[in-house]
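Survey of secondary and tertiary structure
Okay, here's what each chain looks like letter by letter:
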Amino acid sequence: MRKVIELGDISITVTQKEIKNVHLSVHPPDGRVTMSAPKETRLEVARAYAISKINWIREQQEKLRKQARETPREFVERESHYLWGRRYLMTVIEQDSKPCVALDHKRITMSVRPGSDQAKRASIIHEWHKTLLHEFIPPLIAKWEPKLGVYVVAYFLQRMKTKWGSCNYNAGHIRLNTELVKKPKDLVEYVVVHEMAHLIEPTHSDRFISILSDHYPSWRESRAELNELPLAAEKWKE
């Protein structure tokens, strides 16, 4: 059951679960605040806890407001693009053949048909990004399945507005944000492990934290680094 605590201009969505401790979170990109609390927690107690953390909440929201955002990509000559955490310059070649993308140590070279607009170029790059992720993700899953003792029935790639990944515990599926292709590979691995751990424990409970800490001890540092990297330029919505 979800409830809402209002503290001035801050709204906190409270979800009561079968957990031992209270977990307070401030979510990118807009500073949305949630609280997970044990089922028996009275709303007045949850409210008092939130008040005690109000300065921390505001600090986290301010960090998100200051977080760098990419300027909108136009997919033109000498524009900067990120791949696996590295910056590349784009070269655009117009030729009457099937569009393609190639990568060398300094450049991303995109071949497009003459007159291709920004939307078409964005679509070409997005499909290339998915191809790169489809090459990178399966070996990661295969690496971590025996370590975690889980089986991923299927994984999916999609644009996601507010999260890096998600897990369907009942179906055995995980979903990953295609924006991850821009981030360092070790941070992509953290997201994959995080979502796979949800196949053991579907909630962010103490048990989940323990599982993640046992198998990926640096997860807190990885999460912090991931959330400090530039956000996509698009407008984020719930």
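So, here is what we can say about the structure in this document. Note that the structure is predicted; figures quoted are calculated from it, not measured.

**Overview of the sheet that holds strand β10 (residues 165-168)**
Here three strands make up an open sheet; going across it, the order is β9-β11-β10 and the pairing mixed. Lying at the two open borders of the sheet, with one neighbouring strand each, are β9 (154-158) and β10. On average, each strand axis in the sheet is tilted by 20 degrees relative to the strand beside it, whichever way the strands run. Where β10 lies against strand β11 (residues 173-177), four bridges are found, and the strand directions are antiparallel. The residue of β11 that forms the bridge with serine 166 is arginine 175. On top of the sheet, helix α3 (residues 118-148) reaches β9 and β11; it is set at about 150 degrees to β9, its chief contact. Of the strands in this sheet, β10 and β11 are in contact with helix α4 (residues 185-197), which crosses β11 at around 150 degrees.

**Things to note about unusual backbone geometry**
Of note, phenylalanine 75 is a non-glycine position whose phi angle comes to about 60 degrees, a positive value. Position of phenylalanine 75 among the secondary structure elements: in the loop between α2 (54-66) and β5 (80-83). A relative accessible area of 9% places phenylalanine 75 in the buried class.

**Let's talk about the packing of α3 against α4**
Between two packed helices, the angle of one axis relative to the other and the distance separating the axes together describe the packing. The interhelical angle for the contact between α3 and α4, taken along N-to-C directions, is 50 degrees, at an axis separation of 10 Å. Relative to α4, the element α3 is oriented oblique. The handedness of the crossing between α3 and α4 comes out as right-handed. Residues Phe136, Ile137, Leu140, Ile141, Lys143, Trp144, Glu145 and Leu148 of α3 pack against Lys185, Val188, Glu189, Val192, Val193, Met196 and Ala197 of α4. When grouped by side-chain class, the residues that make up the contact of α3 with α4 number 11 nonpolar, no polar and four charged.

**Comments concerning the pattern of salt bridges**
Applying the stated criterion across every chain, the model contains nine salt bridges. Of the charged contacts, one joins glutamate 44 and arginine 42 as a salt bridge, the two residues approaching to 2.9 Å between their closest N and O atoms. Relative accessible area serves as the criterion here: at 52%, glutamate 44 is assigned to the exposed category. In this structure, lysine 182 and glutamate 179 form a salt bridge, with 3.1 Å as the shortest nitrogen-oxygen distance. Since its relative accessible area comes to 18%, glutamate 179 is described here as buried.

**A closer look at the packing of aromatic side chains**
In total, this model carries three aromatic pairs according to the counting rule given. Centre to centre, the rings of tryptophan 144 and tyrosine 216 are 5.9 Å apart; their planes meet at 45 degrees, and the pair counts as tilted. Highlighted residues: tryptophan 144 in helix α3 and tyrosine 216 in the loop between α5 (206-215) and α6 (219-228), separated in sequence by 72 residues. In this pair, the class of tryptophan 144 matches that of tyrosine 216, namely buried. On the numbers, 6.1 Å between centres and 50 degrees between planes, the contact of tyrosine 190 with tyrosine 216 is tilted. Residue tyrosine 190 is found in helix α4, and its partner tyrosine 216 is found in the loop between α5 and α6; the two are separated by 26 residues along the sequence.

**With respect to the layout of surface pockets**
What the largest pocket holds in volume is close to 1,800 Å³. The set of elements that each furnish at least two residues to the lining of the largest pocket consists of β2 (10-17), β3 (23-27), β4 (32-38), α2, β10, α4, α5 and α6. The element that contributes the greatest number of residues to the lining of the largest pocket is α6, accounting for seven residues. In terms of residue class, the lining of the largest pocket is made up of 20 nonpolar, 16 polar and 10 charged.

Conventions we followed
Residues numbered from 1 in each chain as written. Predicted model: local features only at pLDDT ≥ 70, side-chain atom pairs only at ≥ 80, totals over all residues. Heavy atoms only, no water. Pairing = 2+ DSSP bridges. Helix = DSSP H or I, 4+ residues; strand = E, 2+ residues; numbered from the N terminus. Axes fitted to C-alpha atoms, helices over the stretch in contact; angles between N-to-C directions. Contact = heavy atoms within 4.5 Å. Buried < 20%, exposed > 50% of the residue type's maximum accessible area, 1.4 Å probe, protein only. Parallel < 35°, antiparallel > 145°, perpendicular 65-115°, else oblique. Left-handed = near helix turned anticlockwise from the far one by under 90°. Nonpolar A, V, L, I, M, F, W, Y, C, P; charged D, E, K, R; others polar. Salt bridge = Lys/Arg side-chain N within 4 Å of Asp/Glu carboxyl O. Phe/Tyr/Trp six-rings, centres within 6.5 Å; stacked < 30°, edge-to-face > 60°. 1 Å grid on protein atoms, 1.4 Å probe; cavity = no way out; pocket = protein on both sides within 12 Å on 5 of 7 lines; lining within 4 Å. Points joined across faces, edges and corners; volume = space filled by probe spheres on them.

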